[in-house]
Amino acid sequence: MAKKLVFICVLVLLSLTGKGGAGARFSEEANILRKVEDFDVEIGGGDDDVEFLEEPFWASERGNKVLVNVDTFGAVGDGVADDTQAFVKAWNQACSTRGSVLLVPQGRRYLVNATRFKGPCEGKLVFQIEGTIVAPTEPKNWDPKNPRLWLGFYNVSKALFQGHGVIDGSGSKWWAASCKKNKSNPCKGAPTALTIDSSSAVRVKGLTIQNSQQMHFVISRSDSIRVTGVKVSSPEDSPNTDGIHITESTNVLLQNCKIGTGDDCVSIVNGSSDIRMKTIYCGPGHGISIGSLGKDNSVGIVTKVVLDTAFLRGTTNGLRIKTWQGGSGYVRGVRYQNVRVDDVSNPIIIDQFYCDSPTPCQNQSSAVEISEIMYKNISGTSKSKNAMKFACSDTVPCSHIVLNNINLESRDGTVETYCNSAIGFGYGYVQPSAECLTSSDKEKIIKQEPELAQNSQGYLIHTEL
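Residues numbered from 1 in each chain as written. Predicted model: local features only at pLDDT ≥ 70, side-chain atom pairs only at ≥ 80, totals over all residues. Heavy atoms only, no water.

Student: What is the right way to look at the sheet that holds strand β11 (residues 192-197) in this model?
Tutor: Backbone hydrogen bonds are what pair the strands of a sheet, in a parallel or an antiparallel way. Read across the sheet, eleven strands follow the order β5-β8-β11-β14-β17-β19-β21-β23-β25-β27-β29 without closing on themselves; strand pairing throughout is parallel. At either end of the open sheet lies a strand with only one pairing partner, and these are β5 (115-118) and β29 (416-420). Averaged over all pairs of adjacent strands, the angle between their axes in this sheet comes to 15°, without regard to strand direction. Running at roughly 10° to β5, helix α3 (residues 84-95) makes contact with β5 and β8 (149-154) of the sheet. (Pairing = 2+ DSSP bridges. Helix = DSSP H or I, 4+ residues; strand = E, 2+ residues; numbered from the N terminus. Axes fitted to C-alpha atoms, helices over the stretch in contact; angles between N-to-C directions. Contact = heavy atoms within 4.5 Å.)

This is the structure in structure tokens:
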């Protein structure tokens, strides 16, 4: 009730402040504030549609469950013998039998090559992983038909992937071959450890995904996906190892996940909406990112994203939205709230000049539009001088940026807010001050942010953060 009363008072103050053009502006701000405060993501098609089990019933006479053990199909589980065909046969059996539990037993290491596990299945399939599934270590021996895939699951519905087991991508040799580790190496993609594609009403619970060749867990072209209690882990210097990557998907929930990688803990890209993240632990890594979007003049659209309760420690970015010049589309309707950052560079950052390229990116006038973004109850310590950074396009400015109860400090000195073509407002306590959100003083902007100055070729200099 107290929270509602404060909100109403703020709306009243905004509506009464100023007359004429100023009054209209504050009326607009009040409407935007009401919109972002009331905005929420509806998570439907969830647990009521799937029979989720804490511990599956192995015997068919109990709960009508049918146990399908990979060992029964010839899996050795010594980490040396190739168990791929045993997994394929076990999957085919489980997928064609309603109420099956596909078991990967504990205490063993199963070597599995790149494999596509396809549905549709008979329904309510449980994939119970208690042991460890490991990938081949040698990139040169990887299946050329699946250069970007390790374990892929396609067209499955009402399925549960759970257990105390581990999915281990054995990625060290892949990382060593990356152009980001050695510039003399060619730049090419590597496999994703776990992919759920073109699926619906799927839950992933309790698993550990580690040492992926590149991205750890991709949710693609799917709807109604729940990820709870999942741990993602790889070294801080492992390149492009995003933790959980969401693309072209809707109605996704990430909850109680602990992620530490060499890239974004969570990345959300084009075609994604209704994404909720709750209680996320991030670090090391590059933070929680929307984007990148708009690369190669492409369209990027992301809407309705909520992050509620997160802890970021030692990451190179915090809450980030990143887009390339030349793109189009929009990011709209995003709320970050109840976030604690500890020794994080760029705790709050919007960057419409993102350029992860070995050569400078040329200036372009088109950009992905960014609007209706709220940051609420964000606190902690910034490793960089610019605790809040809104680097937006002059031709497609960021708009309706709302700040409420921000308290960011530095252990080594003062922190600042940088703005370029960013329009918004703050209320409640906002530290550092964000008055530049309404500033149009370009000379002041250039003076505040010298690294954004153009080089002799006329390019804005931005690199991967």
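Read on for the rest.
Student: Please clarify how the nonpolar core should be interpreted in this entry.
Tutor: For soluble globular proteins, the rule of thumb is that nonpolar side chains tend to be buried together. Judged by nonpolar contacts, the single largest core of 96 residues is most densely connected at V227, I290, V331, Y336, Y375 and F390. If we skip the residues at most four places from it in the chain, V227 touches V204, F217, I219, I244, L253, L254, Q255 and C257. (Core = buried A, V, L, I, M, F, W, Y, C linked by side-chain atoms within 4.5 Å. Buried < 20%, exposed > 50% of the residue type's maximum accessible area, 1.4 Å probe, protein only.)

Student: It is not clear to me how the pairing of strand β17 (residues 244-247) should be interpreted in this structure. Could you clarify?
Tutor: Because side chains alternate across β17, one face comprises the buried residues I244 and I246, and the other comprises H245 and T247, equally buried. Where β17 meets strand β19 (residues 266-268), three bridges bridge the pair, whose relative direction is parallel. Bridge pairing in β19 places I244 opposite V266.

Student: Is there a simple way to think about the state of the cysteines in this case?
Tutor: Throughout this description, disulfide means a covalent bond between two cysteine sulfur atoms. For the coordinates displayed, the defined rule picks out six disulfides. Across the disulfide, C179 is cross-linked to C187 (sulfur-sulfur distance 2.0 Å). Since a negative S-S torsion denotes a left-handed disulfide, the C179-C187 link at about 110° is right-handed. On the accessibility criterion, C179 (16% relative accessible area) is buried. The disulfide that involves C419 links it to C436, with 2.0 Å between the sulfurs. Between C419 and C436 the disulfide shows an S-S torsion of about 50°. By sign, it is right-handed. Linking C419 in strand β29 with C436 in the loop between β30 (422-431) and α5 (442-448), this pair joins segments that are 17 residues apart in sequence. Each member of the pair, C419 together with C436, is buried. By sequence-ordered numbering of the bonded cysteines, the protein chain has its disulfides arranged as 1-2, 3-4, 5-6, 7-8, 9-10, 11-12. (Disulfide = S-S within 2.5 Å.)

Student: How should I be thinking about the packing of aromatic side chains in this particular structure?
Tutor: Each aromatic ring pair is specified by the distance between its two centres and by the angle formed by the two planes. All told, the structure shown has 13 aromatic pairs when counted by the stated rule. Ring centres 5.8 Å apart and planes at 85° place the aromatic pair F127 and F153 in the edge-to-face group. Linking F127 in strand β6 (residues 126-129) with F153 in strand β8, this pair joins segments that are 26 residues apart in sequence. The two residues F127 and F153 agree in class, both being buried. (Phe/Tyr/Trp six-rings, centres within 6.5 Å; stacked < 30°, edge-to-face > 60°.)

Student: Would you mind going over the side chain of Q352 with me for this structure?
Tutor: If you trace the backbone, Q352 turns up in the loop between β25 (348-351) and β26 (369-382). With relative accessibility at 1%, the residue Q352 sits in the buried group. For Q352, the side chain forms a polar contact with the main-chain oxygen of V396, separated by 3.5 Å. With residues near it in sequence (within four places) discarded, Q352 still touches T323, W324, Q325, A367, V368, E369, I370, A391, C392, S393, V396 and C398. (Polar contact = N/O pair within 3.5 Å; in protein donor to acceptor, adjacent residues only side chain to side chain.)

Student: Sorry if this is basic, but what is going on with the environment of S198 here?
Tutor: Tracing the sequence through the fold places S198 in the loop between β11 and β12 (200-205). Measuring from C-alpha to C-alpha, the distance between S198 and G119 comes to 9.8 Å, with 79 residues separating the pair along the chain. Sequence-distant contacts of S198, that is, excluding residues within four places in its chain, are made with N155, V156, S220, R221 and S222.

Student: Help me understand the pairing of β5 in this model?
Tutor: Put simply, side chains in a regular strand alternate between the two faces of the sheet. Here β5 shows a buried face lined by T115 and F117 and an unburied face lined by R116 and K118. Where β5 meets β8, four bridges bridge the pair, whose relative direction is parallel. The residue bridging F117 from the neighbouring strand is F153, located in β8.

Student: I'm lost on the side chain of E130 in this one. Help?
Tutor: Residue placement: E130 occurs in the loop between β6 and β7 (132-134). One buried charge, E130, has no salt-bridge partner; the nearest side chain with opposite charge is K205, at 11 Å. Separated by 2.6 Å, the side chains of E130 and Q128 make a polar contact. (Lys, Arg positive; Asp, Glu negative; His and termini not counted. Salt bridge = Lys/Arg side-chain N within 4 Å of Asp/Glu carboxyl O.)

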